[in-house]
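Structural features, examined
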Amino acid sequence: MNKSLAFIDFCGSFIMALDDKRFTDVKFGCRSREDGSLVVIEAHQLVLKLASPVFASIVTPASCDDVIIINIFADAFQALINIIYNKTYVIESFAVAVDLFGIGKRFDIKKACAAATNFFEENLNLDTAIEFYETSKARNYQEWKLKCIELFKTKTFYILDHKSFLTCKPDTVKVIFGLDSLHISSELDLIKAFERYGGDQAGISDALKEIRILNISPNDLVRIKFLTPVEIVQIIRIMNGDEPENSIPRGFSTNRNNRCTIVLKKKQPVSLRPVLSRLFHQNRQTENVIDLIISDSE
């Protein structure tokens, strides 16, 4: 018989004993997630030692004389014990899944990591993507983090429009803005998200360095509220090759590779002269600038 199957059958015979506590011979002290109080979880030395060499190192005759205190939430540790015993278990929240994955790695119980990952994948969606990403990054769960990034790439427009985007960390904004493939129709979608988040006042000015401003048409460029007329002219001059790229305002990216995966129908050309005239309060000094912008957009 396969060793893993034999072990599962062996553990199955302990389930009833685990429930009534008659033959348990080791106790673990965990924390309640609700109030931090001590929760004691009992098990069998033999089963734990066979399941994991880590348990074998911490469960000794001397340690079993008292409660072994471990800095783990009780609900996650109980899920781990149930998995080891091949007992029915339910992961009730993302917080439990996060802790279960961590202790699964710590105690080298692959089945626990798989169960936590399964919960993660089943519950990863537009509502949870940012929370799951930031938690995965904080806990250094690379596999989970990469799955979140894939969702950022394929559902960018909806992620940026979701209420959770407004409360995410500045580093998360920069990560999303810096991806090489985005489900948006234009870099202007990132500009709008930047403004909605709070712009410079929200501490995300570094995110501007990821926006490929040179891929935005002059017609759209003049609609960006936080850019000054001087900055708009400078950007268009860089587009035309009249100024070096390292002179770009606000540290915008000079990358011109298109990364937008939403293809829209081409819009009818719009006359820029009325827009620019209002923007620059047309006078003799700005007439040449307006001509330059219009000729570039045609």
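Just above, that's the structure.
This report concerns the structure included in the present document.

What counts and how
- Residues numbered from 1 in each chain as written.
- Predicted model: local features only at pLDDT ≥ 70, side-chain atom pairs only at ≥ 80, totals over all residues.
- Heavy atoms only, no water.
- Helix = DSSP H or I, 4+ residues; strand = E, 2+ residues; numbered from the N terminus.
- Expected span 1.5 Å × (residues − 1).
- Buried < 20%, exposed > 50% of the residue type's maximum accessible area, 1.4 Å probe, protein only.
- Contact = heavy atoms within 4.5 Å.
- Axes fitted to C-alpha atoms, helices over the stretch in contact; angles between N-to-C directions.
- Left-handed = near helix turned anticlockwise from the far one by under 90°.
- Nonpolar A, V, L, I, M, F, W, Y, C, P; charged D, E, K, R; others polar.
- Phe/Tyr/Trp six-rings, centres within 6.5 Å; stacked < 30°, edge-to-face > 60°.
- Pairing = 2+ DSSP bridges.
- Salt bridge = Lys/Arg side-chain N within 4 Å of Asp/Glu carboxyl O.
- Core = buried A, V, L, I, M, F, W, Y, C linked by side-chain atoms within 4.5 Å.

1. Quick word on helix α6 (residues 94-106)
Here α6 is 13 residues long and its end C-alpha atoms lie 18 Å apart, about the 18 Å a rise of 1.5 Å per residue gives. Looking only at α6, the buried set comprises F94, V96, A97, V98, D99, L100, F101, I103 and G104. For α6, the secondary structure elements touched by its buried residues are β3 (68-73), α5 (74-84), α7 (110-123), α8 (129-138) and α9 (142-154).

2. Thoughts on the packing of α8 against α9
Two elements in contact, α8 and α9, have axes separated by 8 Å at closest approach and are oriented at 145 degrees. The two elements α8 and α9 meet at a crossing, and its hand is left-handed. Contacts from A129, I130, F132, Y133, S136 and K137 of α8 reach α9 at W144, K145, C148, I149, L151 and F152. Within the contact of α8 with α9, the residues separate by chemical class into nine nonpolar, one polar and two charged.

3. Side note on the environment of I58
Within the secondary structure layout, I58 lies in helix α4 (residues 53-58). For I58, a relative accessible area of 28% gives the class partly exposed. The spatial distance from the C-alpha of I58 to the C-alpha of I68 is 8.6 Å, given a sequence separation of 10 residues. Leaving out residues up to four positions away in the same chain, I58 has contacts with F28, S63, I68 and F107.

4. Topic: unusual backbone geometry
Even without being glycine, D108 reaches a positive phi, approximately 60 degrees. Among the secondary structure elements, D108 is positioned in the loop between α6 and α7. Residue class for D108 comes out partly exposed when judged on its relative accessible area of 39%. In this model, R250 sits at a positive phi of 60 degrees, which is unusual for a non-glycine residue.

5. Brief notes about the packing of aromatic side chains
Geometry of an aromatic ring pair is reported as the spacing of the ring centres plus the angle between the planes. Applying the stated criterion across every chain, the model contains 16 aromatic pairs. Ring centres of F120 and W144 lie 4.5 Å apart, and the angle between their planes is 15 degrees; on these two criteria the pair is classed as stacked. With a gap of 24 residues between them, F120 in helix α7 and W144 in helix α9 connect regions that are remote in the sequence. Given a relative accessible area of 0%, F120 falls into the buried group. Among the aromatic residues, those joined into a cluster by ring pairs are F94, F101, F120, F132, Y141 and W144.

6. Overview of the sheet that holds strand β2 (residues 38-43)
Spatial ordering of the open sheet is given by β2-β1-β3, a layout of three strands whose pairing is mixed. Here the strands that pair on one side only, and so sit at the sheet edges, are β2 and β3. The average undirected angle you get between the axes of adjacent strands in this sheet is 35 degrees. Across three bridges, the pairing between strand β1 (residues 26-31) and β3 is parallel. Residue pairing for β3: R31 is matched across the bridge by F73. Across the sheet, α5 lies against β1, β2 and β3, angled at about 105 degrees from β3, the strand it touches most.

7. A look at the pattern of salt bridges
All chains considered together, the criterion is met by 13 salt bridges. In this structure, E121 and K147 form a salt bridge, with 3.2 Å as the shortest nitrogen-oxygen distance. Of this pair, E121 sits in helix α7 while K147 sits in helix α9, placing them 26 residues apart in sequence. Judged by its relative accessible area of 40%, E121 falls in the partly exposed class. On the basis of relative accessibility, which here comes to 31%, the residue K147 falls in the partly exposed class.

8. Quick look at the nonpolar core
Ranked by internal contacts, the top residues of the largest apolar core, which has 85 residues, are F77, L80, L100, F177, I213, L221 and F252. Sorting elements by how many residues they give to this core places α5 first, with eight residues. Beyond its immediate sequence surroundings of up to four residues, L80 is in contact with F55, L100, I103, F107, I109 and A112.

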